[in-house]
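Fold and contact review
Below are the chains, spelled out letter by letter.
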Amino acid sequence: MSCAHSHISRRRFLQAAGLAAAAPLIGPGVPGASAAQAADKNSQQYDESRFTVCDMCFNRCGAIARIRGGKVVQLDPNPHFTKSRGMLCGRGAAGVAQLYDPDRIKQPLLRVGERGEGKWKPISWNEALDTTASRLMEIAAKYTRCGVVFSVGADMQTQFVKRFAKAFGSWSVCSQESLCLYSMNRSYLDTFGENVLPDIKNCRYVLMPGSNRFESLVFPDTSDLMEAMQNGAKLAVVDPRYTHSAALATEWLQIKPGTDMALALALIHVILKEQIYDAPWVEANTFGLAELQAHVVTCTPEWAAAETDIPAEVIVRVAREMAAAAPRALVYPGRRTSDYTDSTQIRRAWCILNGILGNFDREGGLLVPPALKMGAGIPLEAPFYEDTPRQKLDKDRSTFTFPDEMAFCSVRDAVLEEKPHSVGGWVVFKTNPLQTAPDQAKTLAMIARLEFVVAIDISMSDTAFMSDLILPAHTYLERQDPCQMLSGGSVGNCVVWREPAVPPLYDTRNPFDILKGLAERMDLEKYFDFTVEEFRAKQLETLEGAEQALREKGVYHPEGQKLTGLYEGKNLKTSSKKIDLWNSRYEKKGIDPLPVYRRPHTEPGLRLVAGRTALLTQTSSQNNALLHELVPTNTLHIHPDAAGKLGISDGDLVEVHGNDSVQRLKAEFNYGIREDTVYMHSGFGSLSSGLSNVYRNGANIAALMHDAADEISGNAAHHESFVTVTKVGKA
Ligand SMILES: Nc1nc2c(c(=O)[nH]1)N[C@H]1C(S)=C(S)[C@@H](COP(=O)(O)OP(=O)(O)OC[C@H]3O[C@@H](n4cnc5c(=O)[nH]c(N)nc54)[C@H](O)[C@@H]3O)O[C@H]1N2
Ligand SMILES: Nc1nc2c(c(=O)[nH]1)N[C@H]1C(S)=C(S)[C@@H](COP(=O)(O)OP(=O)(O)OC[C@H]3O[C@@H](n4cnc5c(=O)[nH]c(N)nc54)[C@H](O)[C@@H]3O)O[C@H]1N2
Ligand code: SF4
Ligand SMILES: [Mo]
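A few points on the structure. (Residues numbered from 1 in each chain as written. Chains lettered and ligands numbered in written order. Predicted model: local features only at pLDDT ≥ 70, side-chain atom pairs only at ≥ 80, totals over all residues. Heavy atoms only, no water.)

Some points on the overall build of the chain
Regarding its fold elements, the chain presents 26 helices and 26 strands. Dimensions of the chain, computed from the C-alpha atoms along their principal axes, are close to 70 × 60 × 60 Å. Burial statistics for the chain: of 731 residues in total, 62% are counted as buried. Long-range pairs, those at least 24 residues apart, make up 75% of the contacts in the chain with a sequence separation of at least 6. If you sum the accessible surface of the chain, you get close to 27,000 Å²; carbon and sulfur atoms cover 50% of it. Taken together, the 79 basic and 86 acidic charged side chains of the chain have centroids lying 1 Å from each other. (Helix = DSSP H or I, 4+ residues; strand = E, 2+ residues; numbered from the N terminus. Buried < 20%, exposed > 50% of the residue type's maximum accessible area, 1.4 Å probe, protein only. Contact = heavy atoms within 4.5 Å. Areas by Shrake-Rupley, 256 points an atom, 1.4 Å probe, with all protein chains shown as cover. Lys, Arg positive; Asp, Glu negative; His and termini not counted. Charge placed at Lys NZ, Arg CZ, Asp CG, Glu CD.)

Quick look at the structure:
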């Protein structure tokens, strides 16, 4: 991790910044400014320093914006932000180039050519909001209000978009979470009754299947992991690829993709057979131990070795080491890890192993930091609309659905099938399903069915590019945001808010004002008759000292939160009221109450897996001038032996065929990837000509990925994709 811009990057960044309109200088006396200034040793170099919250990814690390001549010239970490241990990553430091990206959308744009032709007419906000309001009302009249789908990304204002959807009367809402951690959440809720966070700082043994914490940064986990390892903790990374996390781990288990459940069941087998678990604790706190014991009898290390390609003696040793370190041993919950059609069951197997390790609610184990007493803001009494369809779009499309949100893949199918009802409109806020949902062709087909698509974005993402109207939003450095509670395993919960670091550039708006403008045009103004400041005041009403801390330190993080022993003697929110090793709710639904191993589906060719690099965020930072210099394109990571069989040399231009799409990029030899697996960074090869740095640059992984989803949760199954590779030209 580094906060420093390279010499070249800095020069290029300043060029980019020079294209931006000059913003007036922020005067002194702005709340937060002097406190942020005080946190800076070299404050004389800047006119102003202001607290902000990084938005380059969902971690929302505390940051300080350094302002000179009315421009943000540098972003530094906020030392008070305990969750990231006072650090800002490379992407965080590059946030300035997001603000001054010359490709930003600068005013509302109305499509004038065919969809995807890239012909736009700049229009006024008045016209943009009038058009959006009237088109949404037309669609509501034709298809009911649920005939407008809302897709929302991770943002402090997502709650306002969901509020708008409720007031408007649509429950057809989905978010990026069904492309990310739905199956993880499902499995933990169905085992522990809660979403959990790991206390890595105090852990002695971390088994990390399919997560890459030293590249896919999650705080405090990433920094805690470094610290715990410095203090002697062991890290075993389970991944088909030799990631940076694998490189820094105590050991790397190079698993065959899709076989994690076999490994989990075998580890449980060893621990139960050798009786190296805390029997009184497990018997008192779990449900279904006898059934589990019977279930894993045949799941021997030798059996698992044949499935996973991890030697039996390694499985036995890891099981013993974990058991010895328990309860300060855990299987890292991950977020997306293995995305297959049985993801929830794969993760259930890992949950059960955590249950047997006896780490729930204990130091060095899995925690559920109790929520701070932050208020929900200004309550909404949602109106009732008589014509609301009785069946939701995701009905029967996965075994379990979440009450407030639908899975994107389910919604996409519903739109295409027009079942259980038709859909005509799509409001997309800060998410880019055209590049983050598998099977881009299917998402394009969905869009072709829709009468009106409106995107609220800062740049011309592929999804914005394919829409009918684009409403340009402020970046995080320009906007005021409500408060948000952030959770971190070992540090408990904290609260952040956001104030503008500089006045907004161009004719962009705060999403809250966009929604308010729409509400006013749709007879919904009473649901938005407040300001962001008033909303925040309500949120903080019950949190004594929070406002002062936010102004003085940029974060509210109360000391002395009790994080362990919260569930002792209490019922869990599971069917058995204990840790559900065996899940009776599953049995009633006709699904396996204990996870049953299913050999992964394979197809001819190579399995394509997705993952991350420390210097990019999904698809949203690739056009960032600073990060683009560091990661200028994507390459196909392929094992030299696999490449050799195809006549491919290192650096050759290759064609990757998958899901009826063909993508071109350079091959990169990688001895650390399995021979049957290939990898590329996501977010390149955009359809959008409005992203100069990635348009026609590299390959688009979403186009190659097959349409597949987890059967229980509906989470996208990104790793169920196979491709063939052919050589095009010499390096
Ligand atoms: N720098 C950076 N940090 C980020 C993000 C980012 O975009 N950039 N995004 C954030 C977000 S939203 C999230 S959800 C997290 C994601 O963080 P993680 O949950 O750590 O997910 P990935 O980094 O995508 O890593 C998934 C890994 O699973 C491996 N894998 C594929 N198939 C299998 C399999 O069958 N078994 C096993 N064991 N492994 C498999 C892949 O090779 C890949 O390395 O990262 C967060 N942090
Ligand atoms: N191929 C592939 N697919 C994946 C993943 C992967 O690694 N590879 N990861 C999966 C995971 S874990 C996740 S969480 C999802 C994430 O999927 P998405 O939610 O689609 O996330 P991003 O790709 O970051 O796209 C965010 C969008 O928000 C826009 N944006 C950025 N900042 C702002 C802002 O301040 N305001 C507004 N209004 N818009 C803004 C960006 O321009 C971009 O269009 O993708 C999933 N899908
Ligand atoms: S991890 Fe990096 S990109 Fe994400 S919020 Fe923190 S500093 Fe920003
Ligand atoms: Mo994610």
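Having put the structure on the table, let's press on.
As for unusual backbone geometry
Between Phe219 and Pro220 the backbone carries a cis peptide bond, its omega angle lying at 10°. Note on placement: Pro220 falls in the loop between strand 9 (205-209) and helix 8 (221-230). Between Ala326 and Pro327 the backbone carries a cis peptide bond, its omega angle lying at 5°. By the element assignment, Pro327 lies in the loop between helix 14 (312-325) and strand 13 (329-331). A positive phi angle is found at Asp309, which is not glycine, with a value near 70°. If you trace the backbone, Asp309 turns up in the loop between helix 13 (301-308) and helix 14. You can call Asp309 partly exposed: its relative accessible area is 43%. If you check the backbone angles, Tyr506 has positive phi at about 60° while not being a glycine. Positionally, Tyr506 belongs in the loop between strand 19 (492-498) and helix 20 (511-521).

Digging into the pattern of salt bridges
This structure, assessed with the given rule, holds 42 salt bridges. Note that Arg536 and Glu499 form a salt bridge whose closest N and O atoms lie 2.4 Å from each other. Here the residue Arg536 occupies a position in helix 21 (residues 532-540), and Glu499 occupies one in the loop between strand 19 and helix 20, the gap between them amounting to 37 residues. For the pair Arg536 and Glu499, a shared accessibility class is recorded, and that class is buried. A cluster of three or more residues bridged by salt bridges with shared partners is formed by Asp55, Asp155, Lys430, Arg479, Asp481 and Arg498. (Salt bridge = Lys/Arg side-chain N within 4 Å of Asp/Glu carboxyl O.)

As for the nonpolar core
Counting residues in each nonpolar core, the largest one holds 77 residues, and the members touching the most others are Leu207, Ile356 and Phe360. Among the elements that make up this core, the one with the highest residue count is helix 10 (residues 260-273) (11 residues). Sequence-distant contacts of Ile356, defined by excluding residues within four places in its chain, comprise Ile268, Ile271, Leu272, Tyr277, Val282, Leu289, Leu292 and Leu581. Membership of the second largest hydrophobic core comes to 41 residues, among which are Val454, Ala473, Phe512 and Met522. (Core = buried A, V, L, I, M, F, W, Y, C linked by side-chain atoms within 4.5 Å.)

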